Amino acid sequence: MGRWHAVLVPAPEPVEDRVSRLRPELVATLSRVYGDPEVVADRLTALVGRAHAQRPAELVELDRHRQEEPDWFQRPEALGYAAYADRFAGTLAGVAERASYLADLGVTYLHLMPLLLPRPRPNDGGYAVQDYRQVRPDLGSMEDLRELSGVLRGHGISLCLDLVLNHVAREHPWAEAARAGDAAKRDYFLVYDDREVPDAYERSLPEVFPDSAPGSFTWDAELDAWVWTTFHNYQWDLNWTNPSVLCEFADLILGLANLGVEIFRLDAIAFLWKRLGTNCQNQPEVHDLTRALRIVAEMGAPAVAFKAEAIVGRADLPAYLGLGKHAGRVSHLAYHNSLMVQIWSMFASRDVKLATKALQGLPQPPSSTAWVTYVRCHDDIGWAIADEDAEAVGLTGEGHRRFLSDWYSGRFPGSWARGLIFQENPATGDRRISGSLASLAGLELGDPDAVARILLAHAIILGYGGLPVLWMGDELGLLNDPDWAVEPAHASDNRWVHRQQMPWPTPPDEHGIRAGLDHLLATRRRLPHLHAAVPTEVWDPRDDGVLLVVRRHSDGPLLTAYNVTGETRSVPGEVLAWLGLGEAELIDHLSEAAPERTTDGGLVVPPWSGLWVTGTPILSR
């Protein structure tokens, strides 16, 4: 492993040995959910046997490689990219033709937004799946998906797809069969003959979309019953108390894995288990079900990794990666939504105190897992600012959330941002923001510091550890799409303002964003400190405009410092002394030079910039 964090792993083993070794853990996990765990385990291992018999040889070889190097997604050279296939390249075949572009950028992980067959619109942006075994016809076929995964794999890129776990479209064959009177398929859903049970649940259930989809239950005349619909009336929640649902998804995962899908984004995972008297989110059984699916994947397709789409509070988030004796045994990856929110908060306020408080409140992930870090994604930005964090630094949560919405919509005096308000709620005052990274950072207005902000935001996610993911077009500085509402299906959803069409050929790098990002990525690849298994320490600020993040490695500590203001700031010499760097010859790996020093032996941090400092140069691998 050279300079990388040492990981001891068993030698690759045949599938029969994996099944034998992992079955006791599978049964123990299932016993916390179902009354007949041995029977369910038999069903699942039978699925593994059938799927593995059909697994292509090149994927069996990938399994072997991943067993030898299980930290493949944690390494400093790991880089993600997320896009809609049609916005990026038209079709799956088009994406395959552009694989070399992604490889040149350094991408090792490609998340293509929902592409399995959804119901006709409205379909919640593709998350109302009608058939998990078909691709959207406008994108191609399942054979195109197989070919794309092979092309990507040849470029060292792993394919990530969404797997919606909580619900299916009303038009899914399971739901069609349920409405036609199939009792077994009816039991795939949460169905109630009258309002007694739904009303009992509603007393503690929050509404996800109170304006557009009030309530969590929908009367279906064909079903002649109420059906649970957390998100929309056309998305039927699945009954995970029925082990057949678990087996169906295990079969889907193994089948898609045999097509070459390597990472599954487990969508709406927090909602799987319903418990009366709770908000029916983040229940313990959610993690047991995820563990069971992961064990099945480890048996039949060890190359596969899971990413939890859990945009939840920090008290609930660690369980999605595993706690205690199950640490690192649930999902491999989880989103660090707080980091994204706090980057934008720091930029607007020019202050790091709130970000420091929030980031310090999230524990280290298990050493075999990683956070997914990002500046922007396909979604709006919801201001997940905890009231207690805001109060701890002299703010109010409501007031700061209002300020951020005003700032990034351009309403606040002096704002350089140009975003759009998304889903304003007059009752609560909640206002989210849509907009491209470049437009939110000031490039649309020609602000002279915009490019520096864009690169600083990327330096933060790249230097934080974990698996950084770029949103399509951010490497080009794409601005808001002025024609986002022209397509009728998009007109009511202004998030399409930052879901632009990728311009081909790509425009000249007139602002230096791509060159700056390439430099950041090349620097990151050389620093073993940025392996995801190395703990991340967020230090109390010595200057309210400078975020301090430390990563301690056997080669010595890496101090990263980020100035989120338009003025020159500093890191005092005492910080270097505490790290044992006070007398050392220092190098800033971002500038590839000795950092400028203050009179007290500290570091000068220029406006809107970062430092990645160690005591001695890190040799290339």
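Keep in mind the model is a prediction, meaning the values are calculated, not measured.

In this section: the overall build of the protein. In terms of regular secondary structure, the protein is built from 20 helices and 24 strands. Its C-alpha radius of gyration of 24 Å places the protein within 12% of the 25 Å reference for a compact globule of 621 residues. Its C-alpha atoms give the protein principal-axis dimensions of about 80 × 60 × 50 Å. With 621 residues in all, the protein has 60% of them scored as buried. In the protein, the share of contacts with a sequence separation of at least 24, taken over all contacts with a separation of at least 6, comes to 71%. In the structure as shown, the protein presents an accessible area of about 23200 Å², 51% of it carried by carbon and sulfur atoms. Each charge class in the protein can be summarised by its mean position, and for the 57 positive and 84 negative side chains these summaries are 2 Å apart.

Before going further, it helps to spend a moment on unusual backbone geometry. Following Arg121, the chain continues to Pro122 via a peptide bond in cis, the omega torsion being 5°. Residue placement: Pro122 occurs in the loop between strand E3 (116-118) and strand E4 (129-135). Here the bond from Trp504 into Pro505 is cis, since omega is -5°, no more than 30 degrees from zero. In this structure, Pro505 sits in the loop between strand E17 (467-471) and helix H19 (513-525). Phi at Cys280 takes a positive value of approximately 60°, unusual for a residue other than glycine. Take Cys280: it is sitting in the loop between strand E11 (261-267) and helix H12 (284-300).

Let us look at the packing of helix H11 (residues 243-258) against H12. Their axes nearest at 10 Å, the elements H11 and H12 cross at an angle of 40°. With respect to their mutual orientation, H11 and H12 come out oblique. Crossing handedness for the pair H11 and H12: right-handed. The segment H11 lies against H12, with Leu246, Phe249, Ala250, Ile253 and Leu254 engaging Leu289, Ala292, Leu293, Val296 and Gly300. In the contact of H11 with H12, the residues fall into nine nonpolar, one polar and no charged.

Aromatic ring pairs: the centre-centre distance and the angle between the two ring planes describe each pair. Across all of its chains, the model carries 29 aromatic pairs by this definition. Both rings, one in Trp383 and one in Tyr408, keep their centres 5.7 Å apart while their planes meet at 25°; by these two values the pair is stacked. With Trp383 in the loop between strand E14 (370-373) and helix H15 (387-392) and Tyr408 in helix H16 (residues 397-408), this residue pair connects regions lying 25 residues apart in the sequence. Grouping residues by exposure puts Trp383 and Tyr408 together as buried. Each residue in the set Trp344, Phe347, Trp383, Phe403, Trp407, Tyr408, Phe412, Trp416 and Trp608 is aromatic and connected to the rest through ring pairs, giving one cluster. When the ring centre of Trp228 is taken as origin, the NZ or CZ atom of Lys274, which lies over that ring, is 5.0 Å away. Lying across the ring of Trp416, Arg453 places its NZ or CZ 3.7 Å from the centre.

We now examine the sheet that holds E11. A barrel is described by the order of its strands in space; here eight strands give the closed sequence E1-E2-E5-E11-E12-E13-E14-E17, paired in parallel fashion. Averaged over neighbouring strand pairs, the angle between their axes works out to 25° when direction is ignored.

With that settled, the discussion passes to the sheet that holds strand E20 (residues 556-563). In space, the five strands of this open sheet follow the order E18-E19-E20-E24-E22, with antiparallel pairing throughout. Because the sheet does not close on itself, it has two edges, and the strands there are strand E18 (536-539) and strand E22 (587-588). The pairing of strand E19 (residues 546-553) with E20 spans eight bridges and is classified as antiparallel. Note that in E20 the partner of His553 across the bridge is Gly556.

On to the environment of Asp104. As for its position among the elements, Asp104 is in helix H6 (residues 99-105). A relative accessible area of 63% places Asp104 in the exposed class. Residues Asp104 and His155 lie 51 residues apart in sequence; the distance between their C-alpha atoms is 9.5 Å.

So, on to the nonpolar core. Tyr81, Phe189, Trp240, Phe249, Phe347 and Tyr408 are the most contacted members of the largest nonpolar core, which totals 182 residues. No other element matches H11, which puts 10 residues into this core.

Take the environment of Val538 next. Inspection of the secondary structure assignment puts Val538 in strand E18. Residues Val538 and Val168, 370 residues apart in the sequence, show an inter-C-alpha distance of 40 Å. Other than its neighbours up to four places away in sequence, Val538 contacts Thr356, Leu359, Gln360, Tyr464, Leu547, Leu548 and Val549.

On the secondary structure map, Asn563 appears in strand E20. Polar side-chain contacts of Asn563 include one of 3.0 Å to the backbone oxygen of Val605. Setting aside its immediate chain neighbours within four residues, Asn563 contacts Leu456, Gly545, Val546, Thr568, Arg569, Val605, Pro606, Pro607, Trp608 and Ser609.

The next point concerns the pattern of salt bridges. Scanning all chains against the criterion turns up 48 salt bridges. As a salt-bridge pair, Asp267 and Arg265 come within 3.0 Å of each other at their nearest N and O atoms. By relative accessible area, which is 7% here, Asp267 ends up buried. The closest approach of N and O atoms between Asp544 and Lys353, which form a salt bridge, is 3.4 Å.

Cut-offs and rules
Residues numbered from 1 in each chain as written. Predicted model: local features only at pLDDT ≥ 70, side-chain atom pairs only at ≥ 80, totals over all residues. Heavy atoms only, no water. Helix = DSSP H or I, 4+ residues; strand = E, 2+ residues; numbered from the N terminus. Rg over C-alpha atoms; globule rule 2.2 N^0.38 Å. Buried < 20%, exposed > 50% of the residue type's maximum accessible area, 1.4 Å probe, protein only. Contact = heavy atoms within 4.5 Å. Areas by Shrake-Rupley, 256 points an atom, 1.4 Å probe, with all protein chains shown as cover. Lys, Arg positive; Asp, Glu negative; His and termini not counted. Charge placed at Lys NZ, Arg CZ, Asp CG, Glu CD. Axes fitted to C-alpha atoms, helices over the stretch in contact; angles between N-to-C directions. Parallel < 35°, antiparallel > 145°, perpendicular 65-115°, else oblique. Left-handed = near helix turned anticlockwise from the far one by under 90°. Nonpolar A, V, L, I, M, F, W, Y, C, P; charged D, E, K, R; others polar. Phe/Tyr/Trp six-rings, centres within 6.5 Å; stacked < 30°, edge-to-face > 60°. Lys NZ or Arg CZ within 6 Å of the ring centre and 35° of its normal. Pairing = 2+ DSSP bridges. Core = buried A, V, L, I, M, F, W, Y, C linked by side-chain atoms within 4.5 Å. Polar contact = N/O pair within 3.5 Å; in protein donor to acceptor, adjacent residues only side chain to side chain. Salt bridge = Lys/Arg side-chain N within 4 Å of Asp/Glu carboxyl O.

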